Every structure is written in structure tokens, then in C-alpha cells.
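Single-letter residue listing:
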Amino acid sequence: MRIETYLDSLVSYAMNTGLAEPYDHQVLINRLLELLQKDDYVPSDEPQTEDLEEILTALLDYACEKGICENNITARDLFDTKIMGALTPMPREVIRTFQEKYAENPVAATDWYYKFSCDTDYIRRYRIAKDMRWKYDSEYGQMDITINLSKPEKDPRAIAAAKNAPQSSYPRCQLCAENEGYAGRLNHPARQNHRILPITVAGQEWCLQYSPYVYYNEHCIVFNKQHIPMKIDRSAFEKLLDFVGAFPHYFVGSNADLPIVGGSILSHEHFQGGHYTFAMETAPVEQKVEFKGYEGISAGIVKWPMSVIRLGGKKPAELAALAEKILDKWRQYSDEAVGVCAFSDGEPHNTITPIARRRGENYELDLVLRCNITSQEHPLGVFHPHGDKHHIKKENIGLIEVMGLAVLPSRLKGELTALADAIVKGRDVREDAALEKHADWVAEMKKTNAFTKENALDILLQETGRVFAAVLEDAGVYKHDENGREAFLRFIDAVNG
């Protein structure tokens, strides 16, 4: 097709998705011609396409052919975001529409904003569709296992160019509000098609956006307008509970505020939420407990591989006050019998990963006890994936995984397929440099599974889920045995002491 056909198709796409109106047609055509450095234009009489990926690919190929854009994934991502930015309405229009819909009801508002974030290609739906996703029925509930393929691999040439590029401190991080409309550079993503919503959280100026990688339905990020560090304290609990008061159909949680057990961005206060039910939410309370002075709050230990105290009640202020009491005790608490150590050489190790949600009229707050102590045996963390599971998961266990959704490295897609083939053909995986790390795991699986060509990959996917459940058990400070249960109750007693 002629390049004009793709230009016309893109403008029609903008009209059909509500990004533009018929009066905008000529301006959009001229904006696109400017980006493509094209001086002439005759409307095409060829049939148009509605496939956004096809349209952008054609425009990118044209730009690369004309020397406007370098032909590598990083440069192409920067340029196609610039193209979509030419179609994206100004923030004032986006904010006005969201507020109008929020006045109807919060669900209508977030439904619209999520679709908008997809339509602008800020969320690249065609890449998200490439992620591998499956379920694993664990003893704790049905966990989500994913292999993330939507983050593009960096081109070696782009990596080298980024290393030599001038360094910039603007925007200060990838969460800062200054990213809205930013052109990007080789070491920072473009955001011309990105629009952020201002919201008020516990009386403070915060912002709402979606994650471009969408690990689950309507995966949102709620972040402080100011660039200030993560901190788990009473105000964090109050903010989480206030957010689910305003958006009762969403859950929201915070990564912990310490390395190893925290998230990847500790320098900017933020939460993650969304419209999704995780396995942890459906996990039952296996032992009810009480906290003195808070008899009006339901409390219990959740049946979950990690160590979770669940609080429930109608008054957010009371929940936040009790959560602060539990946090303050945990910050100072040690129990050598189970390896919990609050401080070493003056360095704090204990914190909490909190998650808030609504259950009808009630508010619910899950407090996941975390400890980032390391040892000679476990140098990456005692309550972190242990070495025998690093072939599947070595990275930190953050908020999303705490709740029961595994975000596994992209390498596993190829490795699991190759493993299935090697097992069926009887090859020794120890002789394959890429697969050797899985050899002990394969030997154990062969003891309990009869592999065939038809079932090999399915078995590996389910066994990968089993490893993830075991990873969460590693990350739990109180294990699911008699000693662990007794130690957990000792901590409850300490809070009441």
C-alpha cells in the first residue's frame, strides 16, 4: 500500500477511537506529514487498515528508509511514540473527560481512561498479547504465572549509544510527572502519548496512570506528585485506604521501603493497584487473632506462603492506627529461632508490604511481614528466592508477586520449549550451556512425571508454577510448620504486650 494509505488509516483510527474528531482531520494529516518530512500528499483511494501495529510498522519502515529514524527497536519506539503523540489530546481534555465520567461513577471513569491509554498506544496491546500467561493450582489458591515478553529487548547498538549519550537528570525518574509529553532519549522512554490524571490522596497532590506493561487487568500506578522516597508508615496506610475509598473497585498496595524486599524504584513514593483479584485476596484466614484496644477490627493470619496479617473494618482511621502499631513493633522485633533480625550493624531489616481493598462497605488491609536480612548461605536474602530456584526466579519478590502473580524473565520462554524437546529426545541437558542450570530440576521432575511429546511442555509449565509457590515460601518469614506458626503467634503476643 502507498504511504498515504497508512497516513489516512492512522487518522481514521484516531477518529474511530475518539482521540480526534472530524474537525481535526486536516491538522492531523499535516502533523504526520511534518514528522515524515513529506512535502506532498494526495489522499489514498486504497482500502484502509484498522490494525494499529500494521500502520505504525509501515510508517516506521518508511521513516527508516528515508533516514528519518534509525532502524533499531529503541529508535523505532521513540519515533512511533512521537507519531502517536501527534494524535493524543492535551491533558486538559483528558482530565475534563475523566472528571465528568467520575461524577457518574468511578468504574466508568477508569474504564474510559484505561481504553484511552490503550488507544494512544501508551499501552501497546499488541505487545502485551505476546506475554505468556497460565494458572497454577497451589495449596494456597490459583496463582498466576507470567513470562513477560512485552518489554522489548535492547538493541546492542542502542545500548552502546545510550552509554555514550549525554547524561540528564530530567525527568528525575520514570515515575515523575515531568514524563508526560516527554520526547524521550536512548536511555529514557518517550512519553508524548502519555497523559496523567491529578488526584487527591489523603489531602495531598498525587497522580494516577497505568503501567505501560500491564501485568494484570488495569494495572495502575498511583504516585506522589513530589519526587520523595518510598516510606512505609501510618501515612502510607492512610493513603492506601483513602485511595480505595475513592476507587472502591480497585485494590492498591505498596512495595516495601527496603532493598531486596522492596520494588525497583525506591526513590519515588508510589503504589500499584488495579481491577484484578489475586490469589492472596481469595486466600482464607486460617487463624483469627485479636489486638488489644482494637476489638472492633477483625484480624487473622492468612493461609498464604508469605506471612500475612489481615485486618478488616468499617473505619479506615482505626485500621491505619492498628497497622502502625503492628509496623512499629515489627520494625524492632527479632526472633533468632526463626532467623528474624530487626537490625545488624545499625542497619534496619524489617518492614511491611501493605495491600488495601474494599469488601462491600468494609475496608481490608493485608500486612505482609518482610525481612531483608542476608547470610553467608543466602547472600541475596534469607527471605528471598533461594539458590535452588534461581534457574526460574532470582529477582526480588515485590508487591505483585507477593499477591500471587509471578513475573518471570523472558529467557524462560525459549528455555522451557528447549527443555521439553531435550527431555522428550533424551538429551543430557547438562551438556547444553543454556539449559544446564535446569538439570537438577529436570532430574527431580522425571521421578514423578512420565514425559511425552504431547505433555512435556504442559508439565514444565505446571512445575514452573510449583517452583514459584516455593519461592513465595522462601520469602515468608514464618514457615507453614509448627515452629513457624508458634513464632507467628509470639509476634502477635508481642504486639499485644
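Residues numbered from 1 in each chain as written. Predicted model: local features only at pLDDT ≥ 70, side-chain atom pairs only at ≥ 80, totals over all residues. Heavy atoms only, no water.

Draft legend 1. Local environment of the sheet that holds strand S1 (residues 132-138). Strand order in the open sheet formed by three strands is S1-S2-S15, and the pairing between neighbours is mixed. Looking at strand neighbours, the two that pair on one side only are S1 and strand S15 (405-408), the edges of this open sheet. Direction aside, the axes of adjacent strands within the sheet are offset by 20° on average. The pairing of strand S2 (residues 141-147) with S15 spans four bridges and is classified as parallel. (Pairing = 2+ DSSP bridges. Helix = DSSP H or I, 4+ residues; strand = E, 2+ residues; numbered from the N terminus. Axes fitted to C-alpha atoms, helices over the stretch in contact; angles between N-to-C directions.)

Draft legend 2. Local environment of empty space enclosed by the protein. Per the counting criterion, the structure on display carries one cavity of 30 Å³ or more. Of the voids in this model, the largest cavity is the one considered here, and its volume is about 40 Å³. Lining the largest cavity, in full, are Phe251, Tyr276, Phe278, Met280, Glu281, Ile355, Arg357 and Met403. Put simply, the parts of the chain that give the lining of the largest cavity at least two residues each are helix H10 (279-282) and strand S13 (350-359). Among the residues forming the lining of the largest cavity, the class breakdown is six nonpolar, no polar and two charged. (1 Å grid on protein atoms, 1.4 Å probe; cavity = no way out; pocket = protein on both sides within 12 Å on 5 of 7 lines; lining within 4 Å. Points joined across faces, edges and corners; volume = space filled by probe spheres on them. Nonpolar A, V, L, I, M, F, W, Y, C, P; charged D, E, K, R; others polar.)

Draft legend 3. Up close: the nonpolar core. In terms of nonpolar packing, the biggest core is built from 94 residues, with Leu10, Leu208, Val222, Phe291, Leu311 and Ile326 touching the most fellow members. Sorting elements by how many residues they give to this core places helix H3 (residues 52-65) first, with nine residues. Ignoring anything within four residues of it in the chain, the contact list for Leu208 reads Phe98, Tyr113, Ile196, Leu197, Ile199, Cys220, Ile221, Val222, Phe243 and Phe247. Met143, Phe251, Val402 and Phe468 belong to the second-largest nonpolar core, a separate cluster that totals 52 residues. (Core = buried A, V, L, I, M, F, W, Y, C linked by side-chain atoms within 4.5 Å. Buried < 20%, exposed > 50% of the residue type's maximum accessible area, 1.4 Å probe, protein only. Contact = heavy atoms within 4.5 Å.)

Draft legend 4. Quick peek at the packing of aromatic side chains. Within the structure shown, the criterion is met by 21 aromatic pairs. Both rings, one in Tyr113 and one in Tyr210, keep their centres 5.1 Å apart while their planes meet at 40°; by these two values the pair is tilted. Taken as a pair, Tyr113 in helix H6 (residues 106-119) and Tyr210 in strand S4 (residues 204-210) lie far apart in primary sequence, 97 residues in all. This pair shows no difference in class: Tyr113 is buried, exactly as Tyr210 is. Summarising the aromatic geometry, the rings of Tyr114 and Tyr210 are spaced 5.1 Å apart at their centres and angled 80° between planes, so their arrangement reads as edge-to-face. Of the two residues, Tyr114 sits in helix H6 while Tyr210 sits in strand S4, which places them 96 residues apart along the sequence. Here a set of aromatic residues connected by ring pairs shows up, and it is made of Phe98, Tyr102, Tyr113, Tyr114, Tyr210, Phe243, Phe247 and Tyr250. Sitting above the plane of the Tyr363 ring, Arg358 keeps its charged end 4.1 Å from the centroid. (Phe/Tyr/Trp six-rings, centres within 6.5 Å; stacked < 30°, edge-to-face > 60°. Lys NZ or Arg CZ within 6 Å of the ring centre and 35° of its normal.)

Draft legend 5. Layout of the side chain of Gln272. Considering the arrangement of structural elements, one finds Gln272 in strand S7 (residues 270-274). A residue is classified by how much of its surface remains accessible, and Gln272, at 12% relative accessible area, is buried. Of the polar contacts made by the side chain of Gln272, one reaches the side chain of His219; its length is 2.7 Å. Look past the residues within four positions of Gln272 in its chain and what remains in contact with it is Tyr216, His219, Cys220, Phe251, Val252, Gly253, Asn255, Leu399 and Ile400. (Polar contact = N/O pair within 3.5 Å; in protein donor to acceptor, adjacent residues only side chain to side chain.)

Draft legend 6. Broad picture of the pattern of salt bridges. On inspection of all chains with the given rule, the structure shows 35 salt bridges. Here Glu324 and Arg234 are joined by a salt bridge, their closest N and O atoms 3.3 Å apart. One end of the pair, Glu324, is in helix H11 (residues 316-331); the other, Arg234, is in helix H9 (residues 234-246), with 90 residues separating them in the sequence. By relative accessible area, Glu324 is classed as partly exposed at 25%. With a relative accessible area of 29%, Arg234 lands in the partly exposed category. Beyond isolated ion pairs, a larger network of salt bridges with shared partners links Glu281, Arg310, Arg357, Arg359, Glu364 and Asp366. (Salt bridge = Lys/Arg side-chain N within 4 Å of Asp/Glu carboxyl O.)

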